[in-house]
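Chains, contacts and geometry: an overview
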Amino acid sequence: MTQDRRPDDDDAAMESLRTRAAQLLREYDAQGDHRTGTAVDGASAAWLAEQVRAVGAEPRRESFALERIEPVACFLESDGRRLDGLPAFDGGFTDARGMTGVLGPLGSDADIALLETIPNGEYSPAFVQALASGSGHRAFVVVTQGGMPGLAPVNAPRFTRPHDRPVLMLSSIEADWLRQQAAQRARVRLVLQMVHCPATADNVTAQIGGVSPNNAPVVVMTPRSGWWNCASERGGGLVCWLEALRTAVNAPLSRTLLFTANSGHELGHLGLDAFRAHHPEARDGVHVWLHFGANIGARGSQLVLQYATDALGDVAKAALAQHGLRADRVVGPGQAPVGEARNIYVAGGQYLSLLGTSGAVFHHPADRWPEWVDVPQIAAAAAAQAAVALQLGAD
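The following refers to the structure shown. Numbering of residues starts from 1 in every chain and runs along the sequence as written. Selection of residues for local features in this predicted model requires a pLDDT of at least 70, selection of side-chain atom pairs for listing and counting requires 80 or more, and totals for whole chains, interfaces and linings are taken over all residues. Note that water and hydrogens are dropped before the side-chain values are worked out from all heavy atoms of the structure.

Further remarks concern the overall build of the chain. The way it works is that DSSP assigns letters per residue, a run of H or I at least four long becomes a helix, a run of E at least two long becomes a strand, and they are numbered from the N terminus. Looking only at helices and strands, the chain has 10 helices and 16 strands in total. Values of the radius of gyration come from C-alpha atoms, whereas the globule rule sets the reference at 2.2 Å times the count of residues to the power 0.38. A globule of 395 residues ought to have a C-alpha radius of gyration of about 21 Å, and the chain, at 22 Å, matches this closely. Taken along its principal axes, the extent of the C-alpha atoms in the chain is 65 × 40 × 40 Å. Residue exposure (1.4 Å probe, protein chains only): buried if accessible area is under 20% of the type maximum, exposed if over 50%, otherwise partly exposed. Looking at the chain as a whole, 58% of its 395 residues are labelled buried. Carbon and sulfur atoms form 51% of the exposed surface of the chain, whose accessible area is close to 15,100 Å². When charges are counted, Lys and Arg are positive and Asp and Glu negative, with His and the chain ends excluded. Note that the charge is assigned to NZ on lysines, CZ on arginines, CG on aspartates and CD on glutamates. Charged side chains in the chain number 33 positive and 42 negative. The centres of these two groups are separated by 3 Å. Per-residue accessibility takes into account occlusion by the displayed protein chains alone, with areas from the Shrake-Rupley method and a 1.4 Å probe.

Written as structure tokens, this is what we have:
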């Protein structure tokens, strides 16, 4: 993220915003693993609802049902070694005995194919095609190659329509050994034993009414769930979201602002689907979807701006400049964005999206407060996004 220092960086308002941001990030990180439908996810929803109430808005917790996947035993055994990992949450599974077969490269005649991908592999055409086609393989072992060694899971975009082949995700630390096993066509045992648990998750929402009810609303959205503690992945977006809400509470608005912080991000954006189901006004017509995505202010990331029209891009660029920020990358009209903005793009809606590039700890257990967040950058981004929300609401 590129930031140019400005004289007003040290004024009282910005210092107060930095203090609020640091407190929010600290508390969010301390909650634990924010996976959708878990006890931590529920407690985090209650916590965020209290944050909404504290800024002067009335929160709602809008629940949606899901079949949460709970891993029981997920591992690969070969040559006297056992490697534990995580399942792809939109893949198949085995019983406790698992399956045995030969491990080999993708496209070989092996029963089980070895793949490697990045933590956001759901946007990698080669990875998606490999899983979709199957290439005759009965199962897959996936090494996740993140910014640092370890297991950095891939999201599950097909959670509600999973494919039937088991997929085990393993740490990049074991990449060399797994490549050797595949080259030798080692015989392995793969176990992906899971249980499906009926569960609920919550979107936390609020509404700030505009004076012209016939005007289409603006939706301000950010995900609030993910892998592990995800302090830098999700924290910056939550700070932006809450600051936009704080600023809107007493502002004169022409359009209604609908705020939603969604669970279900890592499971095919379930929370966004649930929000649209709960809100007919979000199905029938939205002026602009304002999206605060991953890694805003993550240490070492670059700022990315995604927008449906050049006019929306100009609004965002001007607000960022007012707070000493500029986008390192833009994804402009006609280019497919990532994150929840992708859903809006596919549906033909108008969107404006701010996020950061994937850094060293994206989807990694090491993504913790305070090492991987840049509070001054997050505060500057939040001030800019609050101004954008007000401008969109006043149009």
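There's plenty left to go through after this.
What follows covers helix 9 (residues 340-347). Within helix 9, burial applies to Glu340, Ala341 and Ile344. Summarising the axial view, the buried residues of helix 9 lie within an arc of 105°, below the 170-degree limit, and thus occupy one face. Note on contacts: a residue pair qualifies if any of its non-hydrogen atoms lie within 4.5 Å across the two residues. Buried residues along helix 9 sit in contact with strand 10 (218-223), helix 6 (270-278), strand 12 (288-292), strand 13 (303-307) and strand 16 (351-356). Positioned one or two residues after helix 9, Gly348 has a phi angle of 85°, which is positive. By definition, the arc is the one covered by directions from the helix axis to the C-beta atoms.

Here we take up the nonpolar core. For this analysis, a nonpolar core means a set of buried residues of the types Ala, Val, Leu, Ile, Met, Phe, Trp, Tyr and Cys, connected via side-chain atoms within 4.5 Å. If you look at the biggest cluster of nonpolar residues, it comprises 63 residues, and the most contacted ones within it are Ile208, Trp241, Leu245, Phe259 and Leu352. Ranked by residue count, the leading element in this core is helix 10 (residues 375-394), at 12 residues. Beyond its immediate chain neighbours, meaning those up to four positions away, Trp241 contacts Leu48, Val52, Val204, Val220, Met221, Thr222, Phe259, Thr260, Ala261 and Phe292. Grouped together as the second largest cluster of nonpolar side chains are 33 residues, Phe64, Phe89, Leu114 and Trp177 included.

Another aspect to go through is the packing of aromatic side chains. Two rings from Phe, Tyr or Trp (for Trp, the six-membered ring) form a pair when their centres sit within 6.5 Å of each other. Planes less than 30 degrees apart are called stacked, planes more than 60 degrees apart edge-to-face, and all others tilted. In this structure the tally under the stated criterion is 5 aromatic pairs. Judged by centre distance (6.3 Å) and plane angle (80°), the rings of Phe275 and Trp289 are edge-to-face. Of this pair, Phe275 sits in helix 6 while Trp289 is found in strand 12, placing the two residues 14 residues apart along the sequence. Taken individually, Phe275 and Trp289 each receive the classification buried, so the pair is uniform in this respect. Note on geometry: a ring has a charge over it if NZ (lysine) or CZ (arginine) is within 6 Å of the ring centre and within 35 degrees of the ring normal. Note that Arg81 overlies the ring of Trp177, its terminal NZ or CZ placed 4.6 Å from the centroid. Looking at Arg82, its charged tip hangs above the ring of Phe75, at a distance of 3.7 Å from the centre.

Where helix 6 contacts helix 9, the axes come no closer than 9 Å and their chain directions differ by 50°. When the axis of helix 6 is compared with that of helix 9, the two are oblique. Remark: the crossing between helix 6 and helix 9 carries right-handed chirality. Where helix 6 approaches helix 9, its residues Leu272, Asp273 and Arg276 are matched on the opposing element by Glu340, Asn343, Ile344 and Ala347. The classification used treats Ala, Val, Leu, Ile, Met, Phe, Trp, Tyr, Cys and Pro as nonpolar, Asp, Glu, Lys and Arg as charged, and all other residues, Gly among them, as polar. Across the contact of helix 6 with helix 9, the residue classes tally to 3 nonpolar, 1 polar and 3 charged. Here an angle of 0 to 180 degrees is reported between the N-to-C directions of two axes, which are lines fitted to C-alpha atoms, with helices fitted over the stretch in contact. The cut-offs work like this: below 35 degrees is roughly parallel, past 145 is roughly antiparallel, 65 to 115 is roughly perpendicular, and the gaps in between are oblique. For any helix crossing, the convention is left-handed if the near helix is rotated counterclockwise from the far helix by under a right angle, and right-handed if that rotation is clockwise.

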